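Now for the letters of each chain:
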Amino acid sequence: MSDSGKKITTVISCTTFDTVKVSDPIIFYEADRAHIIYTEDDGNRASLGRELIDDIERRVDSDKDTEFITHASSVFSYNVMLKEVNNIIKQEREEFGRFVDIYVNISSGSQEYAAAAMTACMMNPGVIPFTVRTKEYNFSVEDHRRLIGEGAPFGDSRSVYGPKMVETFSIDPPQEDMVRQLAFFASVEGSPYTMASMIALMENLGIWRYNSRDGNDKGKNASVMQFRRTVLEPLVQRGWIANGRTKNRWVITESGRAILNVFCDEDDIETFRRLREEKEHIMYCCDSMPEPDIRCTHGNDMLAFLIDIEDEQS
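A brief structural summary. Just so it is clear, the structure is predicted and the values come from calculations on it, not from any experiment.

### A few points about a negative patch on the surface
Among the surface-exposed residues, E176, D177, D265, E266, D267 and D268 lie close enough to one another that they form a single negatively charged patch. Elements that contribute at least two residues to the negative patch include exactly α6 (176-187) and α10 (266-285). In terms of residue count, α10 provides more of the negative patch than any other element does, three residues in total. Structurally, D177 is set in helix α6. For D177, a relative accessible area of 51% translates into the label exposed.

As structure tokens, then:
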């Protein structure tokens, strides 16, 4: 934490050739500290290392008084880069604790650095990875042909070493049940549903079911308490859903949508949405019906009653 009490902003980057991909994000995030990893003396581009750092520092707004911390390292080794980035994150948190926001640039530097940096972000919750797309290029295709000659390979490399296997680290994906529950919330997003209606629908669709053997929830509202504890609270704590502006409405956050985009089949959401619409249609058609003298097994909720009736008819 700074003397003013404000949180510190740290940006971690790597450079092998491009400098604007490093300098512009440092300016954008108004970084207090900028860690820059660059190529150590490898007998090939060693002379560029310091020149790249100087260019980055020159491009960053001097009014911010950003502190630059440089790291000469083996940027083409995945394992070395993973250790380097992980250590930087660890050091920043040890020094500033919760009073530091850490951003990691995964678009700059070598591909080994980018992969390792993303892995390090997933291993350290709260660290924010970001990408930077090129808007304009210094060299056109015609410039490239003129400089390297016809027949030479395109790109920065003229020749390469043989492939080298990368050691991987296990990162657990989100639980399948939680993803399905999130997909259900996406299917009802923006629509008002009582807790009883939510429980009835999710039980009917096989997404969640009250476990009477769970001794943590007892009494008249045991199913509601269990639903809050095992479904709502975990989704909210992970930042995947949030309360809407009006009562009984839930919205999917950007983090939740990212989870659905990666781990959920869009057909699941559409199926849940279609079934929900069918239930609503049944409710609409039955609005004028006299109240039947039948006890609902899910309580007095009308939607739950209609679900039971439909099950019996099928």
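### Some remarks on the packing of aromatic side chains
Pairs of aromatic rings are described using the distance from one ring centre to the other and the angle between the two planes. Tallying each qualifying case throughout the model produces six aromatic pairs. Arranged with centres 6.0 Å apart and planes meeting at 85°, the rings of F184 and F185 form a pair that is edge-to-face. Classification of F184 by relative accessible area gives buried; the value is 1%. The exposure class of F185 is buried, given its relative accessible area of 1%. Look at F185 and W250: their rings are 6.2 Å apart centre to centre, the planes differ by 80°, and that puts the pair in the edge-to-face class. Separated by 65 residues along the polypeptide, F185 in helix α6 and W250 in strand β7 (residues 250-252) bring together distant segments of the chain. Neither F185 nor W250 differs from the other in exposure class; each is buried.

### Let's talk about the pattern of salt bridges
Opposite charge on two side chains permits pairing when their charged atoms draw close. Under the defined criterion, the tally for this structure stands at nine salt bridges. The partner of E95 in a salt bridge is R33, with the nearest N and O atoms 3.8 Å apart. You can see E95 sitting in helix α3 (residues 78-96) and its partner R33 sitting in strand β2 (residues 33-39), a full 62 residues away along the chain. Across the pair D55 and R59 runs a salt bridge whose closest N-O atoms are separated by 2.9 Å. You can see D55 and its partner R59 sitting in helix α2 (residues 46-59), four residues apart, about one turn around the helix. We classify D55 as buried; its relative accessible area is 16%. On the basis of relative accessible area, R59 is assigned to the partly exposed category, the value being 40%. When salt bridges that share partners are traced, they join R33, E67, E92 and E95 into one network.

About the cut-offs
Residues numbered from 1 in each chain as written. Predicted model: local features only at pLDDT ≥ 70, side-chain atom pairs only at ≥ 80, totals over all residues. Heavy atoms only, no water. Patch = residues over 30% accessible without salt bridge, like charges linked within 9 Å, V, L, I, M, F, W, Y side chains within 5 Å. Areas by Shrake-Rupley, 256 points an atom, 1.4 Å probe, with all protein chains shown as cover. Salt bridge = Lys/Arg side-chain N within 4 Å of Asp/Glu carboxyl O. Lys, Arg positive; Asp, Glu negative; His and termini not counted. Charge placed at Lys NZ, Arg CZ, Asp CG, Glu CD. Helix = DSSP H or I, 4+ residues; strand = E, 2+ residues; numbered from the N terminus. Buried < 20%, exposed > 50% of the residue type's maximum accessible area, 1.4 Å probe, protein only. Phe/Tyr/Trp six-rings, centres within 6.5 Å; stacked < 30°, edge-to-face > 60°.

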